[in-house]
Amino acid sequence: MGIFDLLSLLYVFLGLRAVVTTIRNWRVFTDDQLTAFDQHLARDLAFFVFVPVGVFFHELCHALATIQVGGRVVEFHYAFFYGYVVPAGNFTDLQEWWIALSGNLISIAIGFLAIVLLPLARRVWLKYMLLAFARIQLGWALVGYPLLTLAGFQGDWVVIYLGIPFIVSVPLF
């Protein structure tokens, strides 16, 4: 068990704490007043409960893209706030790029889905939670994860930035 797996246990604990706090304070949380407590709880739910769902779909899309291009998934590791997929196969550069990009595309799509759902939310706490989730999801997918990769950490964006086939990176006129 690595350090990130240990951090995942802390993440699970904090997620459970957010759920229990929500259950215990359901009436106060879901009334029509958005207090500082409600905002804090909504952000905790967005970060510790909904982000792990986004991480799962991110890794699932890597796995599905691997299968789509004729590869197989050697390992699927999901640990709530992070994960990875180990693909196997003889992939072209474009296929490797697609496998790396697919998880990030779903992460971005999920963030935008939360924004699209905002007008449908009738309760102020739900709108706030959707907005908090969209900010976290899009902030990480579009800024945090790429910056982490540029800082030297291994990740999808290494392949996306550096492994992109020339034909895809050059605009066709």
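These numbers were taken from a predicted model, which means no experiment stands behind them.

A. Here's a closer look at the overall build of the protein chain. Within the protein chain, the regular secondary structure consists of seven helices and two strands. Along the protein chain, helices and strands appear, N-terminal first, in the series α-α-α-β-β-α-α-α-α. Seen through its C-alpha atoms, the protein chain measures out along the principal axes to roughly 55 × 45 × 30 Å. Buried positions account for 39% of the 173 residues belonging to the protein chain. The contacts in the protein chain between residues at least 6 apart in sequence include a share of 62% that link residues at least 24 apart. Accessible surface, the protein chain: about 10,500 Å² in total, of which carbon and sulfur atoms supply 70%. Between the centroid of the 9 positive side chains of the protein chain and the centroid of its 10 negative side chains there is a distance of 15 Å.

B. Structural detail: unusual backbone geometry. With a phi angle near 70°, F80 is a residue other than glycine that sits in the positive phi range. Along the chain, the position of F80 falls in the loop between β1 (72–78) and β2 (83–88). The class of F80 is partly exposed, set by a relative accessible area of 37%.

C. Summary view of the packing of aromatic side chains. Under the counting rule described, the total for this entry stands at 16 aromatic pairs. Seen from their ring centres, Y11 and F81 are 5.5 Å apart, and the 15° between their planes marks the pair as stacked. Residue Y11 is found in helix α1 (residues 3–24), and its partner F81 is found in the loop between β1 and β2; the two are separated by 70 residues along the sequence. With a relative accessible area of 26%, F81 lands in the partly exposed category. Between the aromatic rings of W140 and Y145, the centroid separation amounts to 5.8 Å while the plane-to-plane angle is 15°, which identifies the pairing as stacked. Note on Y145: relative accessible area 16%, which makes it buried. Through a chain of ring-to-ring contacts, three or more aromatic side chains come together here, namely F4, Y11, F47, F48, F81 and Y82.

D. Representation of the pairing of β2. As paired strands, β1 and β2 are joined by six bridges and run antiparallel to one another. Counterpart to E75 in the pairing with β2 is V86.

E. Quick peek at the pattern of salt bridges. In total, this model carries one salt bridge according to the counting rule given. For the salt bridge of R123 with D32, the shortest nitrogen-to-oxygen distance reads 3.3 Å. In this pair, R123 is assigned in the loop between α4 (93–117) and α5 (124–150) and D32 in the loop between α2 (26–29) and α3 (36–68), connecting sequence segments 91 residues apart. For R123, a relative accessible area of 34% puts it in the partly exposed group.

F. Just the side chain of Q137, in detail. Note that Q137 resides in helix α5. Of note is the side chain of Q137, whose polar atom sits 3.3 Å from the backbone oxygen of S107. For Q137, the contacting residues outside a window of four places in its chain are V51, G54, S107, I110 and G111.

G. Region of interest: the packing of α3 against α4. Running from N to C, α3 and α4 cross one another at 145°; their axes reach a closest spacing of 8 Å. Between α3 and α4 lies a crossing of right-handed hand. In contact with G54, F57, H58, C61, H62, A65, T66 and Q68 of α3, α4 contributes W98, I99, A100, S102, G103, N104, I106, S107 and I110. Residue composition of the contact of α3 with α4, grouped by class: eight nonpolar, nine polar and no charged.

Thresholds, definitions, all that
- Residues numbered from 1 in each chain as written.
- Predicted model: local features only at pLDDT ≥ 70, side-chain atom pairs only at ≥ 80, totals over all residues.
- Heavy atoms only, no water.
- Helix = DSSP H or I, 4+ residues; strand = E, 2+ residues; numbered from the N terminus.
- Buried < 20%, exposed > 50% of the residue type's maximum accessible area, 1.4 Å probe, protein only.
- Contact = heavy atoms within 4.5 Å.
- Areas by Shrake-Rupley, 256 points an atom, 1.4 Å probe, with all protein chains shown as cover.
- Lys, Arg positive; Asp, Glu negative; His and termini not counted.
- Charge placed at Lys NZ, Arg CZ, Asp CG, Glu CD.
- Phe/Tyr/Trp six-rings, centres within 6.5 Å; stacked < 30°, edge-to-face > 60°.
- Pairing = 2+ DSSP bridges.
- Salt bridge = Lys/Arg side-chain N within 4 Å of Asp/Glu carboxyl O.
- Polar contact = N/O pair within 3.5 Å; in protein donor to acceptor, adjacent residues only side chain to side chain.
- Axes fitted to C-alpha atoms, helices over the stretch in contact; angles between N-to-C directions.
- Left-handed = near helix turned anticlockwise from the far one by under 90°.
- Nonpolar A, V, L, I, M, F, W, Y, C, P; charged D, E, K, R; others polar.

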